[in-house]
Amino acid sequence: MGVSAVPSSGESSIAPEPNDYVIRVFDHPGNIPAAAWNALLAHEADPSPFMRHEYLCALHDSGSACADTGWQPGFVTLWQAGALQAACPFYRKQHSYGEYVFDWSWANAYEQHGLRYYPKGLVAVPFTPVPGARLLAVDGAARAALVQALLQRARAEDLSSLHLLFLQEHDVAACADAGLMLRHTVQFHWHNHAPGNPASDGGRAETPFHDFDHFLGSLQQDKRKKIRQERRKVAEAGVVFRHAQGAAITPDDWDFFYRCYERTYLEHGNAPYLSRDTFARLARTLPEHWLLFIAERNGQPIASSLIGLDAPHGVAYGRYWGALERVDCLHFEACYYQPIQWCIAQGFRRFEGGAQGEHKMARALLPVRTTSAHWLAHPAFADAVERFLAREGAGMDDYLRELAQRNPLKAPGETPMSLPHNRP
């Protein structure tokens, strides 16, 4: 089964063989039928709202991700008999910002040897380090063909390299089969699992937490105490929270959130990646996928955190936060405790806390391995990076073992402590 390339306009004058895929490259996701793209995504084992057609279009239509900002799109799609069989977001990148899998040292090594690292090829969701499906496909054969089409494109455009970030397991397998190098990083996720009684299979039965105190009862004593102290500091500072979901988030709420979001970037000396127009488009086209927490003091909003939602799969995603006033422990309350409390109340099964930050472990967000895949055109550099990744991978294994020793959860068999209810 082969592939036949056609111009980026999507029009083909080639009559492919019956079992061949036709490659079409699009310079804007809006040129791909939304229903066909989203149907592929729904077919995946690990979808997320950040790969939806509407989300990608919002990034591009608002100008946040475009050629002018270093993200030149060329979405790669595979078709058969007029039906979309596989697709992925592909970018010709002029830098490595907004990716969260860091290859700056690779770029510096190229420069030191007088070689060009940029442009490079990237398969990722701009500014969104959320693991999930990247190589959308109807089956394994189409996914494998899509990887080959990406490699073909990288070679044809004389790109230094190809990088696929935050992949689901099916994507990882397809990339490994194609000979790409794998790289691992760590994120921290919370799971709505209350330790239960011994199960019939020899393990332990698990049920969701029934409230925040029940969750606290699953933690070691020092972690429970710390969380309660942090929540008390926020409450004693006179801060209260409200939340709004979906269409209930008003334009004024979005405006306030953006003030907070923008300030966080400016305080670090950077312009924000996303524009106010990006969020306006997301509020309009994907309203059901957003949950906003707003902290208020003396009747005035002072901070906010935005959470992404995948209600059908029971997953929440910590995305952005910002504050106009400094309150001790407010970040932990807005970004972890309020979302976890909401997830428990709504029966969500997982809360992903975002990239980096092992301080999240003290709040019961546990380490999860994430995977990216890489191909470098230069043979000597490919060999060097492969050796580097072997060393880095061994170090990552050691790091995960170290983190496991700091697990904040009670040891199996330890009696849960009785905690009073309805207290922060």
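Preceding this section is the structure that the text describes.
All of these numbers come straight from a predicted model, not from anything done at the bench.

Draft legend 1. Molecular detail of the pattern of salt bridges. Applying the stated criterion to the full structure yields 27 salt bridges. Asp-213 is the partner of Arg-228 in a salt bridge, and the nearest nitrogen-oxygen pair spans 3.9 Å. Here the residue Arg-228 occupies a position in helix H7 (residues 221-236), and Asp-213 occupies one in helix H6 (residues 212-216), the gap between them amounting to 15 residues. Between Asp-328 and Lys-233 there is a salt bridge, with the nearest N and O atoms lying 3.3 Å from each other. A residue pair is termed long-range when its members are at least 10 positions apart, and Asp-328 in the loop between strand S16 (315-323) and helix H10 (330-346) and Lys-233 in helix H7 qualify at 95 residues. Exposure remark for Asp-328: the relative accessible area of 49% places this residue in the partly exposed category.

Draft legend 2. Fine view of the sheet that holds strand S13 (residues 239-245). Ordered in space as S3-S6-S7-S9-S18-S10-S17-S16-S15-S14-S13, the eleven strands form an open sheet in which the pairing is mixed. Two strands lie at the open edges of the sheet, namely strand S3 (71-73) and S13, each paired on one side alone. Strand-to-strand twist across the sheet, computed as the mean angle between neighbouring axes with direction ignored, equals 30°. As judged from the four bridges shared by strand S6 (residues 90-93) and strand S7 (residues 120-123), these two strands associate in the antiparallel manner. The residue of S7 that forms the bridge with Lys-93 is Lys-120.

Draft legend 3. Expanded view of the layout of surface pockets. When its volume is computed, the largest pocket comes out at roughly 1300 Å³. Taken together, 48 residues form the lining of the largest pocket, with Thr-264, Tyr-265, His-268, Arg-319 and Trp-321 sitting closest to its centre. Within the residue set of the lining of the largest pocket, elements represented by two or more residues are helix H8 (251-267), strand S15 (300-310), S16, H10 and strand S17 (350-355). The leading source of residues in the lining of the largest pocket is S16, at six residues. Residues of the lining of the largest pocket, tallied by class, amount to 24 nonpolar, 17 polar and seven charged.

Draft legend 4. Just the nonpolar core, in detail. Residues Tyr-55, Phe-279 and Trp-290 are the most contacted members of the largest nonpolar core, which totals 49 residues. Put simply, the parts of the chain that give this core at least two residues each are helix H1 (34-43), helix H2 (53-61), strand S4 (75-80), strand S5 (83-88), H8, helix H9 (276-285), strand S14 (290-297) and S16. It is H8 that provides the largest number of residues to this core, a total of seven residues. Those residues in contact with Tyr-55 that lie beyond four places of it in its chain are Pro-49, Phe-50, Val-125, Thr-128, Leu-282, Leu-286, Trp-290 and Tyr-320. Ala-194, Phe-215, Leu-291 and Ala-364 belong to the second-largest nonpolar core, a separate cluster that totals 30 residues.

Draft legend 5. Structural view of the pairing of S16. Most of S16 is tucked away: eight of the nine residues are buried. Counting the residues that bridge the hairpin from S15 to S16 gives four residues, and of these Gly-314 lies at a positive phi of roughly 65°. Across three bridges, the pairing between S16 and S17 is parallel. Residue pairing for S17: Val-315 is matched across the bridge by Arg-350. Crossover handedness for the path S16 to H10 to S17: right-handed.

Draft legend 6. Layout of the packing of helix H3 (residues 104-112) against helix H11 (residues 379-404). The interhelical angle for the contact between H3 and H11, taken along N-to-C directions, is 145°, at an axis separation of 12 Å. Once H3 is placed against H11, the crossing between them reads as right-handed. Between H3, through Trp-106, Ala-109 and Tyr-110, and H11, the contact on the second element is made entirely by Phe-381, Val-385, Phe-388 and Leu-389. Residues belonging to the contact of H3 with H11 are distributed by class as follows: seven nonpolar, no polar and no charged.

Draft legend 7. Here's a closer look at H7. Taking 1.5 Å as the rise per residue, H7 with 16 residues should run 22 Å; its terminal C-alpha atoms sit 22 Å apart, in good agreement. Turning to H7, its buried residues number three or more, namely Lys-223, Arg-224, Ile-227, Arg-228, Glu-230, Arg-231 and Val-234. The buried residues of H7 occupy an angular sector of 160° when projected down its axis, which confines them to one face. In H7, the exposed positions angled more than 90 degrees off the buried face are occupied by Gln-221, Lys-225 and Glu-236. Just downstream of H7, Gly-238 is the residue with a positive phi angle, here 85°.

Draft legend 8. Fine view of the side chain of Ser-48. Counting through the fold element by element, Ser-48 comes out in the loop between H1 and H2. Judged by its relative accessible area of 5%, Ser-48 is buried. Look past the residues within four positions of Ser-48 in its chain and what remains in contact with it is Leu-41, Val-130 and Tyr-317.

Draft legend 9. Region of the structure containing the packing of aromatic side chains. Tallying each qualifying case throughout the model produces 31 aromatic pairs. Taking the centre distance of 4.7 Å and the plane angle of 20° together, the rings of Phe-127 and Tyr-273 count as stacked. With Phe-127 in the loop between S7 and strand S8 (136-137) and Tyr-273 in the loop between H8 and H9, the pair connects residues that are 146 residues apart, well separated along the chain. For Phe-127, a relative accessible area of 4% puts it in the buried group.

Draft legend 10. Up close: the side chain of Glu-333. Tracing the backbone through its elements, the reader meets Glu-333 in helix H10. Residue classification places Glu-333 among the buried positions, given a relative accessible area of 4%. Among residues more than four places away in sequence, those in contact with Glu-333 are Arg-231, Val-234, Phe-241, Gln-338 and Pro-339.

What counts, and at which threshold
Residue indices begin from 1 for each chain and proceed along its sequence in written order. Two thresholds apply to this predicted model, a pLDDT of at least 70 for residue-level local features and 80 or more for giving and counting side-chain atom pairs, whereas whole-chain, interface and lining totals are computed over all residues. In computing side-chain values, all of the structure's heavy atoms are included and hydrogens and water are not. Any Lys or Arg side-chain nitrogen located within 4 Å of an Asp or Glu carboxyl oxygen qualifies as a salt bridge. Numbered from the N terminus, helices here are DSSP runs of H or I no shorter than four residues, and strands are runs of E no shorter than two. For each residue, the accessible area found with a 1.4 Å probe, counting protein chains only, is set against the maximum for its type, and the residue is called buried under 20%, exposed over 50%, and partly exposed in between. Here a strand pair is declared whenever DSSP counts at least two bridges between the two strands. Whenever a helix is involved, its axis is fitted only over the stretch in contact; in every case the axis is a line through C-alpha atoms, and angles between N-to-C directions fall within 0 to 180 degrees. Put simply, the grid is 1 Å and covers the protein atoms alone, a cavity is a trapped set of points that fit a 1.4 Å probe, a pocket is an open set with protein on both sides within 12 Å along at least five of seven lines, and lining residues have an atom within 4 Å of a point. Grid points are joined across faces, edges and corners, and a volume is the space filled by probe spheres set on the points. When residues are grouped by polarity, Ala, Val, Leu, Ile, Met, Phe, Trp, Tyr, Cys and Pro land in nonpolar, Asp, Glu, Lys and Arg in charged, and all others, Gly among them, in polar. To qualify as a nonpolar core, a set must consist of buried Ala, Val, Leu, Ile, Met, Phe, Trp, Tyr and Cys residues joined through side-chain atoms within 4.5 Å. Here, residues are in contact when the closest pair of their heavy atoms is within 4.5 Å. The handedness rule is simple: strands pointing away from the viewer, and a clockwise path from the first strand over the helix to the second, make the crossover right-handed. By convention the crossing between two helices is left-handed if the near helix lies anticlockwise of the far one by an angle smaller than a right angle, and right-handed if it lies clockwise. Given the number of residues in a helix, its expected span is that number minus one, multiplied by 1.5 Å. Throughout, the arc means that of the directions going from the helix axis to the C-beta atoms. A pair of Phe, Tyr and Trp rings is counted when the ring centres sit within 6.5 Å of each other, with Trp represented by its six-membered ring. The angle between the planes then sorts it: under 30 degrees is stacked, over 60 is edge-to-face, the rest tilted.

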